[in-house]
Amino acid sequence: MPKDTVAKKSKKSNGKSEPFVIPPVPTKPQQCHFFVLRKRRYCGLPAKKNLKYCGEHLTACADDENAKDLPKRIPCPYDNSHTIFEKDLENHLKNRCNARPRELPKCHSLNVNCTLPLSQEELDFQKSIFSHQKLHVQPWLARVRLNQLSKEELESLIDKVSFAYDAHVPLIPMEKLTHSSAEKKRQFISNTKHLDQLSSLLGHLEKNEMLKDKTACFTEFGAGKGDLSAFVKRAINEENGEATYLLIDRKSVRNKADQALLGHSENKSRVQRQMIDIKDLVLSKVDCIADNDKKVVAMSKHLCGCATDITLKCLMNYVEHEKSKGQQSEPITGIIIALCCHQICRYEMYPNQDYLKSIGVSKTDFERLCKMTSWATCKNGRRKPSNEEDNMDEDNNHAVSDDEDNFDETANHFSGRDAQEREAIGYKCKRILDAGRVKYLEQFGFDVKLVYYVDLATSLENCALIATPKRK
């Protein structure tokens, strides 16, 4: 591949750009000659004999004479991030593509955890999603533009936020805890951000007696690799397979902790990974829950926006199902969720519509209020999208707002407020939404509280929701 130059930031040049020369093509036999600019290295996939490029990059390079007679390659209809030979299309779509629609599990029920019916636009949007590996900005969220509101409309919304915050949001304590099982790892790592969060969450799990029952089914929502479950296994000192671990996520991830959760003893723990969107999940029909009567401990280390809402709805649907069977004891012994990304909440998925009506928040107000929550975390450069194309935060894979005003550091903001005032308003918006979640769980007999489980220096999203059954 011919050399080319691209702009590259150098630490020594104080952020200024300097030419970057693509290195010579690799000499390793059959290594692809395509330079992946984003990764700043050559593709590691093998090329066939007599070819310079792997199958993925044949279409991008026209200088390989031996490739001209090969069949045509086309983007995969399910996931256009990879290509296939056109002649293999049918077999690829039916048997090979990881993004192909799968047979629905028995615990699937479309949109069962949505509070209100979804719009036709959103239903159509769902049909077009075959892979959650890349999450793009949803059109109905992108349409909400605060800078297009009149001054009167914006002031009215801010006044409504202040009134609701004063009336419904309690004083939230700072309770930064630790747990010995997590602290053992501290001396071996340099970046302790995620350890600080995990250690505090484990501390709260223990404080609220959620780690007391080793035989419980520890259910991690938005599990990703399953790190929180792995720390829980250490915390309860479970070595003989007493516990069950259920990991729920809508996408597959690498480097999963599933094997570690099985344990090393002769008696293995039961581990089930359920790949499903939480909005479609019927918890009572998941195999590891339906097969036994274990108590459920629900947990998550950051559950973005509406994912928290549909999780709470899913859990309360499970409570109602168990009660309808005549179960006297509480099926869920604890819930702990680190909250985040309120800007992507959905009106139809928010579980407490009565609460919204009581504070005079319509659907339009709700969407604007959610957008305004980004004022708390996306200003003064404290958090900026690393890639606006996929709208994800590089550090922790959380969605970040594409709001038009997030990074205005001046006092000439369209709201007429400086950065400090906007931050305070943004946090008020977040806590108003959280207060409705608290009230929703209280309706089902839970004692619920909000705590700041880490400081802002550790995470700008530092609030956790903790719920336990009321003691009779």
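Structure report, in brief. (Residues numbered from 1 in each chain as written. Predicted model: local features only at pLDDT ≥ 70, side-chain atom pairs only at ≥ 80, totals over all residues. Heavy atoms only, no water.)

## Brief notes about the packing of aromatic side chains
Here is step 1: Scanning the entire structure with this criterion turns up 6 aromatic pairs.
Here is step 2: For the pair phenylalanine 218 and tyrosine 245, a centre-to-centre distance of 6.0 Å together with 25 degrees between the ring planes defines the contact as stacked. Residue phenylalanine 218 is located in strand S7 (residues 217-221), and its partner tyrosine 245 is located in strand S8 (residues 244-249); the two are separated by 27 residues in the primary sequence. The same class applies to phenylalanine 218 and to tyrosine 245, which are both buried.
Here is step 3: An aromatic cluster of at least three residues, connected via ring pairs, comprises Tyr347, Tyr350 and Phe366.
Here is step 4: Note that arginine 73 overlies the ring of phenylalanine 85, its terminal NZ or CZ placed 4.5 Å from the centroid. (Phe/Tyr/Trp six-rings, centres within 6.5 Å; stacked < 30°, edge-to-face > 60°. Helix = DSSP H or I, 4+ residues; strand = E, 2+ residues; numbered from the N terminus. Buried < 20%, exposed > 50% of the residue type's maximum accessible area, 1.4 Å probe, protein only. Lys NZ or Arg CZ within 6 Å of the ring centre and 35° of its normal.)

## Describing unusual backbone geometry
Here is step 1: Its identity as a non-glycine residue notwithstanding, asparagine 237 has a phi of 55 degrees, on the positive side.
Here is step 2: Take asparagine 237: it is sitting in the loop between helix H7 (227-235) and S8.
Here is step 3: On the accessibility criterion, asparagine 237 (46% relative accessible area) is partly exposed.
Here is step 4: With phi around 75 degrees, histidine 302 is a residue other than glycine that occupies positive phi space.
Here is step 5: The topology assignment puts histidine 302 in strand S10 (residues 296-304).

## Describing empty space enclosed by the protein
Here is step 1: Within this structure, the stated rule accounts for 1 cavity of 30 Å³ or more.
Here is step 2: Put simply, the largest cavity is a space of about 70 Å³.
Here is step 3: A per-element tally of the lining of the largest cavity places helix H12 (residues 363-372) first, with 4 residues.
Here is step 4: Its residues assigned to classes, the lining of the largest cavity shows 7 nonpolar, 1 polar and 3 charged. (1 Å grid on protein atoms, 1.4 Å probe; cavity = no way out; pocket = protein on both sides within 12 Å on 5 of 7 lines; lining within 4 Å. Points joined across faces, edges and corners; volume = space filled by probe spheres on them. Nonpolar A, V, L, I, M, F, W, Y, C, P; charged D, E, K, R; others polar.)

## Topic: the sheet that holds strand S12 (residues 446-452)
Here is step 1: The 7 strands lie next to each other as S9-S8-S7-S10-S11-S13-S12, forming an open sheet whose pairing is mixed. Whereas interior strands pair on both sides, the edge strands pair on one side only; in this sheet they are strand S9 (270-275) and S12. Direction aside, the axes of adjacent strands within the sheet are offset by 15 degrees on average.
Here is step 2: Of the strands in this sheet, S10, strand S11 (332-340), S12 and strand S13 (463-469) touch helix H6 (residues 193-207), which is tilted by about 150 degrees from S10.
Here is step 3: Lying over the sheet, helix H13 (residues 419-442) contacts S11, S12 and S13, oriented at roughly 160 degrees with respect to S12. (Pairing = 2+ DSSP bridges. Axes fitted to C-alpha atoms, helices over the stretch in contact; angles between N-to-C directions. Contact = heavy atoms within 4.5 Å.)

## Re a positive patch on the surface
Here is step 1: Among the surface-exposed residues, Arg38, Lys39, Arg41 and Arg254 lie close enough to one another that they form a single positively charged patch.
Here is step 2: Take arginine 254: its relative accessible area is 73%, and that puts it in the exposed class. (Patch = residues over 30% accessible without salt bridge, like charges linked within 9 Å, V, L, I, M, F, W, Y side chains within 5 Å. Areas by Shrake-Rupley, 256 points an atom, 1.4 Å probe, with all protein chains shown as cover. Salt bridge = Lys/Arg side-chain N within 4 Å of Asp/Glu carboxyl O. Lys, Arg positive; Asp, Glu negative; His and termini not counted. Charge placed at Lys NZ, Arg CZ, Asp CG, Glu CD.)

## Re the nonpolar core
Here is step 1: The biggest cluster of nonpolar side chains holds 66 residues, and the ones touching the most others in it are Leu283, Ile335 and Leu441.
Here is step 2: At 9 residues, helix H10 (residues 306-324) tops the list of elements feeding residues into this core.
Here is step 3: For isoleucine 335, the residues in contact, after removing those within four places along its chain, are Met210, Ala298, Leu315, Met316, Leu441, Phe446, Leu465, Ile466 and Ala467.
Here is step 4: Met210, Ala216, Phe231 and Ala235 belong to the second largest nonpolar core, which has 31 residues in total. (Core = buried A, V, L, I, M, F, W, Y, C linked by side-chain atoms within 4.5 Å.)

## Here's the deal with the packing of H6 against H7
Here is step 1: At their nearest, the axes of H6 and H7 sit 11 Å apart, and the two run at 50 degrees to each other. Between H6 and H7, the interaxial angle falls into the category oblique. As for the relative orientation of H6 and H7, their crossing is right-handed in sense. Only Leu228, Phe231, Val232 and Ala235 of H7 make contact with H6, whose side of the interface consists of Leu195, Leu198, Leu202 and Leu205.
Here is step 2: Partitioning the contact of H6 with H7 into residue classes produces 8 nonpolar, no polar and no charged. (Parallel < 35°, antiparallel > 145°, perpendicular 65-115°, else oblique. Left-handed = near helix turned anticlockwise from the far one by under 90°.)

## What about H13?
Here is step 1: Here H13 is 24 residues long and its end C-alpha atoms lie 35 Å apart, about the 34 Å a rise of 1.5 Å per residue gives.
Here is step 2: With 18 of its 24 residues buried, H13 lies for the most part within the structure.
Here is step 3: Measuring from the side-chain oxygen of the N-cap residue of H13 to the backbone nitrogen of glutamine 420 gives 3.2 Å; that N-cap residue is aspartate 418. (Expected span 1.5 Å × (residues − 1). Polar contact = N/O pair within 3.5 Å; in protein donor to acceptor, adjacent residues only side chain to side chain.)

## Re the side chain of glutamine 126
Here is step 1: Summarising the element assignment, glutamine 126 is placed in helix H2 (residues 120-127).
Here is step 2: Separated by 3.3 Å, the side chains of glutamine 126 and asparagine 111 make a polar contact.
Here is step 3: Setting aside residues no more than four positions away along its own chain, glutamine 126 makes contact with Leu110, Asn111, Leu118 and Lys279.

## Some thoughts on the side chain of arginine 100
Here is step 1: Of note, arginine 100 is situated in the loop between helix H1 (89-96) and H2.
Here is step 2: There is no salt bridge for the buried arginine 100, and the closest opposite charge comes from glutamate 103, which lies 9.8 Å off by N-O distance.
Here is step 3: In terms of polar contacts, arginine 100 uses its side chain to reach the backbone carbonyl oxygen of asparagine 95, at 3.4 Å.
Here is step 4: One polar contact links the side chain of arginine 100 to the main-chain carbonyl oxygen of cysteine 97, over a distance of 2.7 Å.
Here is step 5: Beyond its immediate chain neighbours, meaning those up to four positions away, arginine 100 contacts Tyr78, Leu93, Lys94 and Asn95.

## Some details on the environment of histidine 342
Here is step 1: Tracing the backbone through its elements, the reader meets histidine 342 in the loop between S11 and helix H11 (353-358).
Here is step 2: Spatially, the C-alpha atoms of histidine 342 and tyrosine 427 are 10.0 Å apart, while their sequence positions differ by 85 residues.
Here is step 3: Here histidine 342 is in contact with Gly305, Cys370, Thr373, Lys430, Arg431, Leu433, Asp434, Arg437 and Glu461, once residues within four sequence places are set aside.
Here is step 4: Within the structure, the side chain of histidine 342 is placed 3.1 Å from the side chain of lysine 430, a separation counted as a polar contact.

## Let's talk about the packing of H10 against H13
Two quantities define a packed helix pair, namely the angle between the axes and the distance from one axis to the other.
Here is step 1: Closest axis-to-axis distance for the H10/H13 pair is 11 Å, and the angle between their directions is 5 degrees. Judged by the angle between their axes, H10 and H13 are roughly parallel. Side by side, H10 and H13 meet where Thr308, Asp309, Leu312, Lys313 and Met316 of the first sit next to Arg437, Tyr440 and Leu441 of the second.

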